[in-house]
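# Survey of secondary and tertiary structure
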Amino acid sequence: MEKILEIDDLHVHFSTYGGTVQAVRGVNLYLNKGETLAIVGESGSGKSVTSNSIMQLIPSPSGKIVRGSIRFKGKDLVQTSKKEMRAIRGVDISMIFQDPMTALNPTLTVGDQLTEGLKQHSSVSIGKAKKKAIEMLRLVGITNPESRLKQYPHQFSGGMRQRIVIAMALICEPDLLIADEPTTALDVTIQAQIMELFKEIQDKTGVSIILVTHDLGVVARVADRVAVMYGGKIIETGDKDDIFYRPQHPYTIGLLQSVPRLDMKEDILQPIDGTPPDLFAPPQGCPFTARCAHAMQVCANVHPATSYLSDSHQVECWLQDARAKRQPV
Ligand code: SF4
């Protein structure tokens, strides 16, 4: 399979009055053309910082990519100038954020907002831009697109507004779409519709998608592969079935056990006790040591190497490494 994106040894730090936050600590990831990769984890695990790094949207000067490369179609985005990145954003790579209202300008019609990106990045005529806008609204399931182009964002429901945001992100036909918690602000029924829409659009356009979410239900619905982040690192990655049916990292197993299912009584839900590691002073060993029921002495001192369980499935945990002496902490 052709890889459209490869992230290698990415480290991102933020300088604060309290010290340096090591938000992303050596992330390695790839995305195949036409697939959906979900990056999952708790708040503060580094998933949004990783996806924002792809777009060079790390707030400067406090945030900085201190090491690593992000190769998009062979080009290292970390080394790309701001001017070049402006040309790449919205055209080759688009991003959708959580709240559709922050992405839409309440004072402009939906038609003006849809055609704005197209006119900015190409010398397309007004007539052609309008035709493309209508086509995109139809693609995202908005009926009567010709008349709705003249309406303002407040005349649409929350779910419809997110559909418009998706249309805006796709109007320049990007190769990569990054969606950061795209349905969190929506109710459950609309969430399901939007997730179905992502799949339909991918089937029609072949766009590759990175989906950043804490919602495993969303992941189960649309992802091809899953990367689980914890403490600024990818601790397990695999095909969707690897992660949902054969999870190996104790944190991934904990995440799955903490998700309510229809066939489960509420009192069987098992939250993960404890809190995430302090990324001002990250642990030198496995970041999950303080919360892990299987922790051994080696876990606190040395970070586990990557274990390759199959071509698709990788995990960073000493339980998979025969060299670990099974001495409990
Ligand atoms: Fe638990 Fe050790 Fe595995 Fe970390 S490396 S998840 S502490 S067993």
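Within the open sheet, the four strands sit side by side as 2-1-4-5. Their pairing is antiparallel. Of all strands in the sheet, those bounded by a partner on one side alone are strand 2 (19-32) and strand 5 (75-76). The pairing of strand 1 (residues 3-16) with strand 4 (residues 63-72) spans eight bridges and is antiparallel. Among the inter-strand pairings, Leu5 is bridged to a residue of strand 4, identified as Phe72.

Next up on the list: the pairing of strand 7 (residues 176-180). Counting buried residues in strand 7 gives five out of five residues, a clear majority hidden from the surface. Across four bridges, the pairing between strand 6 (residues 93-96) and strand 7 is parallel. Along strand 7, the bridge assignment pairs Ile96 with Ala179. The pairing of strand 7 with strand 8 (residues 208-213) spans five bridges and is classified as parallel. Counterpart to Ile178 in the pairing with strand 8 is Ile210. Considered for its hand, the β-α-β crossover made up of strand 7, helix 8 (residues 188-205) and strand 8 is right-handed.

A few words on the nonpolar core. In this structure, Ile96, Leu114, Leu137, Ile166, Leu177, Phe198 and Ile201 are the most contacted members of the largest nonpolar core, which totals 36 residues. Elements with a minimum of two residues in this core: helix 4 (110-121), helix 5 (126-139), helix 7 (158-170), strand 7, helix 8, strand 8 and helix 9 (216-222). Once residues within four sequence positions are removed from consideration, Ile201 is found in contact with Leu139, Val140, Ile166, Leu170, Gly206 and Val207. With 34 residues, the next largest nonpolar core counts Ile39, Val49, Ile58 and Ile88 among its residues.

Time to look at the sheet that holds strand 8. Strand order across the open sheet formed by eight strands is 6-7-8-3-9-10-12-11, with mixed pairing between neighbours. Edge strands, defined here as strands with exactly one partner in the open sheet, are strand 6 and strand 11 (306-308). Pairs of neighbouring strands in the sheet enclose a mean axial angle of 20 degrees, with direction left out of account. Note that strand 10 (residues 233-239) and strand 12 (residues 314-316) share two bridges and pair antiparallel. Within strand 12, the position partnered with Glu236 by the bridge is Val315.

Turning our eyes to something else, we now look at the packing of aromatic side chains. Inspection of every chain in the model, using the stated rule, returns three aromatic pairs. Taken together, a centroid distance of 4.5 Å and an interplanar angle of 50 degrees make the contact between Tyr230 and Tyr251 tilted. Taken together, the residues span a long stretch of sequence, with Tyr230 in strand 9 (residues 225-230) and Tyr251 in helix 11 (residues 250-257) at a distance of 21 residues. Residue classification places Tyr251 among the buried positions, given a relative accessible area of 0%. Ring geometry for Tyr230 versus Phe288: centroids 5.2 Å apart, planes at 85 degrees, classification edge-to-face. Here Phe288 lies in the loop between helix 11 and helix 12 (297-301) and Tyr230 lies in strand 9, a separation of 58 residues in the sequence.

Procedures and definitions
Residues numbered from 1 in each chain as written. Predicted model: local features only at pLDDT ≥ 70, side-chain atom pairs only at ≥ 80, totals over all residues. Heavy atoms only, no water. Pairing = 2+ DSSP bridges. Helix = DSSP H or I, 4+ residues; strand = E, 2+ residues; numbered from the N terminus. Buried < 20%, exposed > 50% of the residue type's maximum accessible area, 1.4 Å probe, protein only. Right-handed = clockwise from strand over helix to strand, strands pointing away. Core = buried A, V, L, I, M, F, W, Y, C linked by side-chain atoms within 4.5 Å. Contact = heavy atoms within 4.5 Å. Axes fitted to C-alpha atoms, helices over the stretch in contact; angles between N-to-C directions. Phe/Tyr/Trp six-rings, centres within 6.5 Å; stacked < 30°, edge-to-face > 60°.

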